[in-house]
Amino acid sequence: RKEVEQDPGPFNVPEGATVAFNCTYSNSASQSFFWYRQDCRKEPKLLMSVYSSGNEDGRFTAQLNRASQYISLLIRDSKLSDSATYLCVVNRGSTLGRLYFGRGTQLTVWP
Amino acid sequence: GEEVAQTPKHLVRGEGQKAKLYCAPIKGHSYVFWYQQVLKNEFKFLISFQNENVFDETGMPKERFSAKCLPNSPCSLEIQATKLEDSAVYFCASSPGQGYNSPLHFGNGTRLTVT
């Protein structure tokens, strides 16, 4: 079983739509969780860290369910510029910086 | 600098040739990481450094891959006798290392094509 599993999509949504991505991780000892965004094979850029209580950053909301080992990302009011691949990333906590990446979920927002 | 700087941007090598990639971390970041991204977004951890010391090398295929981070020099990742399956984008990242929630800052990557 892969360390981090994501629905690869693609998700094709119109501008203004709300879209949700899910991710599961296999190691219950995982310590920290992130959503990164990657555009057209460029470098991954941190979108947001995911905290146990859930957190929001503008149009983006991340949730963590440790019991189910499940992470989600909700994007409200989608913009054309949100088109990218969204990577679910987990740090087990055993070694600093040793990240485990999901394969990414591709999002295309159309006008 | 304020960004992780990787060079070269693109590198083409014939099978069996050597490839050397460079990375300058963000100033003040003491941790450097190398990741390999092959097709379909598979990221693979290779190695990490704390300053010039190897921190975690469990991802490295040691028979052909080596890496260094020397004082006052860019870090480097070297592949001896490249193989077709080494074709990938190699990302370097750095972190101040202030805890497990400290995110990594990635460079633009080096795209290695082995022909």
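Note that the structure is predicted; figures quoted are calculated from it, not measured. (Residues numbered from 1 in each chain as written. Chains lettered and ligands numbered in written order. Predicted model: local features only at pLDDT ≥ 70, side-chain atom pairs only at ≥ 80, totals over all residues. Heavy atoms only, no water.)

Chemist: Could you clarify how one ought to interpret the pairing of strand E3 (residues 19–25) of chain A in this entry?
Modeler: A regular strand places its side chains so that they alternate between the two faces of the sheet. All names here are of chain A. Of the two faces of E3, only the one carrying Val19, Phe21, Cys23 and Tyr25 is buried; Ala20, Asn22 and Thr24 on the other face are not. Here strand E1 (residues 4–6) pairs with E3 via 3 bridges, running antiparallel. The residue of E3 that forms the bridge with Val4 is Tyr25. Examined bridge by bridge, E3 and strand E8 (residues 70–75) share 6 bridges and lie antiparallel to one another. The residue bridging Cys23 from the neighbouring strand is Ile71, located in E8. (Buried < 20%, exposed > 50% of the residue type's maximum accessible area, 1.4 Å probe, protein only. Helix = DSSP H or I, 4+ residues; strand = E, 2+ residues; numbered from the N terminus. Pairing = 2+ DSSP bridges.)

Chemist: Got a minute to help me understand the interface of chain B and chain A in this structure?
Modeler: Interfaces are frequently sized by the accessible area removed from exposure as the parts join. Residue-level contacts link 25 residues of chain B with 24 residues of chain A. Seen at the junction of chain B and chain A, the total is 3 salt bridges. The interface formed by chain B and chain A holds 7 residue pairs in polar contact (both at pLDDT 80 or more) in total. Sorting the residues of the side of chain B that touches chain A by element identifies strand E4 (31–38), strand E5 (42–50) and strand E6 (53–56) of chain B as the ones contributing at least two each. Counting residues per element, the side of chain B that touches chain A draws most heavily on E4 of chain B, which supplies 5 residues. For the side of chain B that touches chain A, the residue count by class is 13 nonpolar, 8 polar and 4 charged. (Contact = heavy atoms within 4.5 Å. Salt bridge = Lys/Arg side-chain N within 4 Å of Asp/Glu carboxyl O. Polar contact = N/O pair within 3.5 Å; in protein donor to acceptor, adjacent residues only side chain to side chain. Nonpolar A, V, L, I, M, F, W, Y, C, P; charged D, E, K, R; others polar.)

Chemist: How should the environment of Leu84 of chain B be read in this particular structure?
Modeler: All names here are of chain B. As for its position among the elements, Leu84 is in the loop between strand E8 (75–79) and strand E9 (88–95). On the basis of relative accessible area, Leu84 is assigned to the partly exposed category, the value being 45%. Separated by 28 residues in the primary sequence, Leu84 and Leu112 place their C-alpha atoms 9.9 Å from one another. Here Leu84 is in contact with Glu15, Val114 and Thr115, once residues within four sequence places are set aside.

Chemist: Got a minute to help me understand the nonpolar core in this structure?
Modeler: A general trend in soluble globular proteins is that nonpolar side chains are found buried together. Grouped together as the largest cluster of nonpolar side chains are 24 residues, with contacts concentrated most on Phe21, Trp35, Ile71, Leu73, Ile75, Tyr86 and Leu107 of chain A. Those elements that place two or more of their residues in this core are E3, strand E4 (32–38), strand E5 (45–50), strand E7 (60–65), E8, strand E9 (84–91) and strand E11 (105–110) of chain A. Once residues lying within four places of it in the same chain are set aside, the contact partners of Ile75 of chain A are Ala17, Thr18, Val19, Phe21, Arg59, Phe60, Asp82, Tyr86 and Leu107 of chain A. Membership of the second largest hydrophobic core comes to 23 residues, among which are Ala19, Leu46, Cys69 and Val114 of chain B. (Core = buried A, V, L, I, M, F, W, Y, C linked by side-chain atoms within 4.5 Å.)

Chemist: It is not clear to me how unusual backbone geometry should be interpreted in this structure. Could you clarify?
Modeler: Most peptide bonds take the trans form, and the phi angle of most residues other than glycine is negative. Look at the link from Gly9 of chain A to Pro10 of chain A: it is a cis peptide, with omega at 5°. With respect to the helices, strands and loops of the structure, Pro10 of chain A is situated in the loop between E1 and strand E2 (11–14). Cis geometry marks the peptide bond from Thr7 of chain B to Pro8 of chain B; its omega dihedral reads -15°. Relative to the helices and strands, Pro8 of chain B resides in the loop between strand E1 (5–7) and strand E2 (10–13). Phi at Asp77 of chain A is positive, roughly 50°, even though this residue is not glycine. Within the secondary structure layout, Asp77 of chain A lies in the loop between E8 and E9.

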